[in-house]
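Close look at the chain arrangement
Given next are the chains, with one letter for each unit.
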6 protein chains.
Amino acid sequence: MTQNSRAKESRLERGTRALSEIDGKAGENVVNALADVAPDFARYLIEFPFGDIYSRPGLDLRAREVATIAALTAMGNAAPQLKVHIEAGLNVGLSQEEITEIIMQMSVYAGFPASLNGLFVAKEVFAHRAD
Amino acid sequence: MTQNSRAKESRLERGTRALSEIDGKAGENVVNALADVAPDFARYLIEFPFGDIYSRPGLDLRAREVATIAALTAMGNAAPQLKVHIEAGLNVGLSQEEITEIIMQMSVYAGFPASLNGLFVAKEVFAHRAD
Amino acid sequence: MTQNSRAKESRLERGTRALSEIDGKAGENVVNALADVAPDFARYLIEFPFGDIYSRPGLDLRAREVATIAALTAMGNAAPQLKVHIEAGLNVGLSQEEITEIIMQMSVYAGFPASLNGLFVAKEVFAHRAD
Amino acid sequence: MTQNSRAKESRLERGTRALSEIDGKAGENVVNALADVAPDFARYLIEFPFGDIYSRPGLDLRAREVATIAALTAMGNAAPQLKVHIEAGLNVGLSQEEITEIIMQMSVYAGFPASLNGLFVAKEVFAHRAD
Amino acid sequence: MTQNSRAKESRLERGTRALSEIDGKAGENVVNALADVAPDFARYLIEFPFGDIYSRPGLDLRAREVATIAALTAMGNAAPQLKVHIEAGLNVGLSQEEITEIIMQMSVYAGFPASLNGLFVAKEVFAHRAD
Amino acid sequence: MTQNSRAKESRLERGTRALSEIDGKAGENVVNALADVAPDFARYLIEFPFGDIYSRPGLDLRAREVATIAALTAMGNAAPQLKVHIEAGLNVGLSQEEITEIIMQMSVYAGFPASLNGLFVAKEVFAHRAD
């Protein structure tokens, strides 16, 4: 896609493309699950996080997933989203070792339970990928 | 320092070196401030986060600071530490633009107030650096 | 019940009445589940939140449930209580659309994962009501 | 403004109008404070929360501010934003008594410290209004 | 006071006595600060936490303050209340060393920033006591 | 074990002994579950929390478990770890009544949902012990 044609994309188009590149099938599943309860929220989810934020040029996708995995591990109350973003991290080029390092590091900032629970989510994702 | 001599460093020595490289003067200030209330905690702070975690080879310091800035912004209850790690991010090679992107991205995971308060901490650090 | 007889109610009586009006069967279930582990806490739960707070005249029950659904969605660590209060919101006159709006709005203050997880709780409650 | 002309507003125009109606001068101050550190974030703040969410028809502004005051009180880590939204609540028709009730109610869901700290923010806003 | 006369105390009387014993002057200050914004909340604060909870026989006041100092340190968003309860801990017999240990231990469960910020609150209280 | 031989223990040995005394079989299970995803983190978990913190002389294990149960209940996002530490509390001499009191008290600092969810974890642990 040329630079020019991208500029003409709507936020929804740009976000759909970014969501697909980053979250793959998992992003699509979330959008579908919202269809009967809050379809507009599915659209906002594509437009703002993916069409606006992840599409910005100032930080590469690899660093963006480092940030997201760190934050979701530290917050400790969003296991389904952490799972999606561990997948996303692998999709954009982080290794399993790097993801494990990020989650371990969060013990310093959010305590050992946050890291332990994050590591067990990672373990599940890694095992599923190995199938 | 050779690979060999590093292996012989104690956790305290390795942590002191890492703390100095990452946090610079700010890390030293925290250690000094703990001296009369909890000197052992100053030692733990050097040994575990810096001697153990930040010294691990599996993730570069740049990515480690992306993770820490993201988590502290998202948690929203540790402004003094966020300030130290925005400085640290600049010390290990993140640009002001990259740090701003990380903090903005946290609006997706922790809400706009978390990003706003993080951006105002960054603004203060950047202004101070410009002096 | 006359104004006068209400004034003579104990906190426990007033709370029991409010709990039944607001939470219906779900409130009763919580009280029963506490019976063998912390019966006094069941009493406090009736007396303080329902006998004291929800019975106050300065804010109608509809607005009180808006507040509670918003807070529990934003906190993101109390799914069972969010479920009870989505039911409660419907009991005191909020529409499914209004509840969905409240939960979506929390993306601004607590991030998209908080809203997503809240919407999936709402979806479950709404589906159950439709049976 | 006619229904028709509103439909043609951009998200930025609609958000600017909503921000002005709800937050008044305080919203403008936040936007200005972002100008030199993250001007794009000021635009997102206008577009998504105000242009998208607060402009939706399914919940009136009064209920939206009940939700926001409740959430910010409960989260307890966003005092500057709580202050802005207590002002906003007054702007859209909540009484001081109603705001006090919302904040008091949060003691049930987020504990007494969250309510106490919220009440002291409200006290400050109310005193300033009385000047 | 005899067992019998205590049984006849109202929750408010019992809570006032407990608040005075535990929090001393600091508790009184909080109650006074609420007088013009939410006087009923001052009453609830005395009645439920102090009249109901702290007055229960199943856990001594020393252990109750260990629990409260730990929780407020870990939550990290209630510095004024942590300060009051570090004072309270000293009032009911905890040593400065024990309080420091509790706060340091929270690094394991809530991260190093929570402990650091808690230790600096303790340092301030201890210094003030030494005057 | 003599005072002298203890002094010569490594952090790992001291931590292993403390972990076994405090968490029993549950601690061992966590360490084993980490073996294939983050074995170094299992070592850190033994060394820092148990080898460094819980082994310190300034606070007895009973008080340490009061602190941990309180914090994990209040944080409300670490149910597996709360379960382990309710077991640990019983292991180091807390009664079921004392543990119930600690968890109930957290309603004051973190709200009723935190206490309710904590009490249901305790109920499960107590029931399992009674088998």
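The present account deals with the structure reproduced in this document. Throughout this document, residue positions are counted from 1 along each chain, in the order its sequence is written. For this description, chains carry letters from A and ligands carry numbers from 1, given in the order in which they are written. The predicted origin of the model limits local features to residues at a pLDDT of at least 70 and limits the giving and counting of side-chain atom pairs to 80 or more, whereas totals for whole chains, interfaces and linings rest on all residues. Hydrogen atoms and water are omitted, and side-chain values are computed over all heavy atoms in the structure.

Looking now at the packing of helix H6 (residues 79-91) of chain D against helix H7 (residues 96-110) of chain D. Residue and element names in this part refer to chain D. Angular values range over 0 to 180 degrees, each being the angle between N-to-C directions of two axes fitted as lines to C-alpha atoms, with helices fitted over their stretch in contact. Each helix corresponds to a stretch of at least 4 residues labelled H or I by DSSP, and each strand to a stretch of at least 2 residues labelled E; elements are numbered beginning at the N terminus. Between H6 and H7, whose axes approach to 9 Å, the crossing angle comes to 135 degrees. It follows that H6 is oblique to H7 by the angle criterion. Of the two possible hands of crossing, H6 and H7 adopt the one that is right-handed. Across from Ile86, Gly89 and Leu90 in H6, the residues of H7 making contact are Gln96, Ile99 and Ile103. Each angle receives one of four descriptions, namely roughly parallel if under 35 degrees, roughly antiparallel if over 145, roughly perpendicular if within 65 to 115, and oblique otherwise. By convention, the crossing between two helices is left-handed when the near helix turns anticlockwise from the far helix through less than a right angle, and right-handed when the turn is clockwise. We call two residues in contact when some of their heavy atoms are within 4.5 Å.

On to the environment of Pro49 of chain A. For Pro49 of chain A, the location among the structural elements is in helix H4 (residues 39-53). We classify Pro49 of chain A as buried; its relative accessible area is 0%. Separated by 34 residues in sequence, Pro49 of chain A and Gly15 of chain A place their C-alpha atoms 7.7 Å apart. Residues contacting Pro49 of chain A, with those up to four places away along its chain left out, are Tyr44 and Tyr54 of chain A, Val108 of chain B together with Phe112 of chain C. Burial classes follow relative accessibility: with a 1.4 Å probe on protein chains only, a residue under 20% of its type's maximum area counts as buried, one over 50% as exposed, and anything between as partly exposed.

Take the relation of the copies chain A and chain B next. To line up the copies, we fit them by least squares on C-alpha atoms, keeping just the residues with pLDDT of at least 70 in both. Overlaying chain A on chain B yields an RMSD of 0.0 Å, the required transformation being a rotation through 180 degrees with an accompanying axial translation of 0.0 Å. Here the transformation between the copies is reduced to the relation of a two-fold axis. An overlap of 100% is found between the interface residues of chain A and their copies at the interface of chain B, pointing to a shared contact surface.

Between the two copies, chain F and chain C, the superposition gives an RMSD of 0.0 Å; the rotation angle is 120 degrees and the shift along the axis is 0.0 Å. The transformation just described matches what one would write down for a three-fold rotation axis. Minimal C-alpha separation from the rotation axis in chain F is found for Asn77 of chain F, amounting to 3.4 Å.

Often the size quoted for an interface is simply the accessible area lost on bringing the parts together. On the chain B side, the residues contacting the 30 residues of chain A number 30 residues. Accessible area that two parts lose when put together, evaluated with a 1.4 Å probe and summed over both, is termed the buried area. Overall, the association of chain A and chain B removes approximately 2,700 Å² of surface from exposure, summing both partners, and the carbon and sulfur fraction of that is 68%. When the area that chain A buries against chain B is broken down by residue, the three leading residues are Glu101, Gln105 and Tyr109 of chain A, summing to 24%. Here, a salt bridge means any Lys or Arg side-chain nitrogen found within 4 Å of an Asp or Glu carboxyl oxygen. Applying the counting criterion to the chain A and chain B interface returns four salt bridges. With a shortest N-O distance of 2.8 Å, Arg56 of chain A and Glu101 of chain B are connected by a salt bridge.

Helix length check: helix H2 (residues 11-23) of chain C (13 residues) gives 17 Å between terminal C-alpha atoms against 18 Å at 1.5 Å per residue, within 8%. For H2 of chain C, every residue scored as buried is listed here: Arg11, Gly15, Ala18, Leu19, Ile22 and Asp23 of chain C. Looking straight down H2 of chain C, one finds its buried side chains confined to an arc of 105 degrees; they lie on one side. The elements touched by buried residues of H2 of chain C are helix H3 (25-34), helix H4 (39-53), helix H5 (61-75) and helix H6 (79-91) of chain C together with helix H2 (11-23) of chain E. Positioned one or two residues after H2 of chain C, Gly24 of chain C has a phi angle of 60 degrees, which is positive. One fewer than the residue count of a helix, multiplied by 1.5 Å, yields its expected span. Arc definition: directions from the helix axis to the C-beta atoms.

Attention now goes to the packing of aromatic side chains. Stacked, edge-to-face and tilted labels apply to pairs of Phe, Tyr and Trp rings (six-membered ring for Trp) whose centres lie within 6.5 Å, assigned for plane angles under 30 degrees, over 60, and everything in between, in that order. A complete count under the given rule lists 33 aromatic pairs over all chains for this structure. When the ring of Phe112 of chain A is compared with that of Phe48 of chain B, the centres are 5.5 Å apart and the planes differ by 25 degrees; the resulting orientation is stacked. Taken together, the residues span two chains, with Phe112 of chain A in helix H8 (residues 112-130) and Phe48 of chain B in helix H4 (residues 39-53). We classify Phe112 of chain A as buried; its relative accessible area is 1%. Residue Phe48 of chain B is classed as buried on the basis of its relative accessible area, which comes to 1%. Each ring, one from Tyr44 of chain B and one from Phe48 of chain F, has its centre 5.7 Å from the other, and the planes form 75 degrees; the classification is edge-to-face. Of this pair, Tyr44 of chain B sits in helix H4 while Phe48 of chain F sits in helix H4 (residues 39-53), which puts the two residues in different chains. Judged on exposure class, the residue Tyr44 of chain B and its partner Phe48 of chain F are both buried. An aromatic cluster is built from Phe41, Tyr44 and Phe48 of chain A, Phe112 of chain B, Phe112 of chain C together with Phe41, Tyr44 and Phe48 of chain D, whose rings are joined through pairwise contacts.

Under the criterion given, the structure shown has 78 salt bridges over all chains. The shortest N-O distance in the salt bridge between Arg17 of chain D and Glu9 of chain D comes to 2.6 Å. Classification of Arg17 of chain D as partly exposed rests on a relative accessible area of 27%. Classification of Glu9 of chain D as buried rests on a relative accessible area of 12%. Notably, a salt bridge pairs Arg129 of chain E with Glu87 of chain E, separated by 2.7 Å at the nearest N-O pair. Residue Arg129 of chain E is located in helix H8 (residues 112-130), and its partner Glu87 of chain E is located in helix H6 (residues 79-91); the two are separated by 42 residues in the primary sequence.

Residue and element names in this part refer to chain C. Within the secondary structure, Arg14 is located in helix H2. With 40 residues separating them along the chain, Arg14 and Tyr54 place their C-alpha atoms 9.8 Å apart. Residues within four places of Arg14 in sequence aside, it is in contact with Glu9, Gly51, Asp52 and Ser55. Counted as a polar contact is a pair of N or O atoms within 3.5 Å, where, for protein atoms, one must be capable of donating a hydrogen and the other of accepting one, and residues adjacent in sequence contribute only when both atoms are in side chains. Among the polar contacts listed, one links the side chain of Arg14 to the backbone oxygen of Gly51, at a separation of 2.7 Å.

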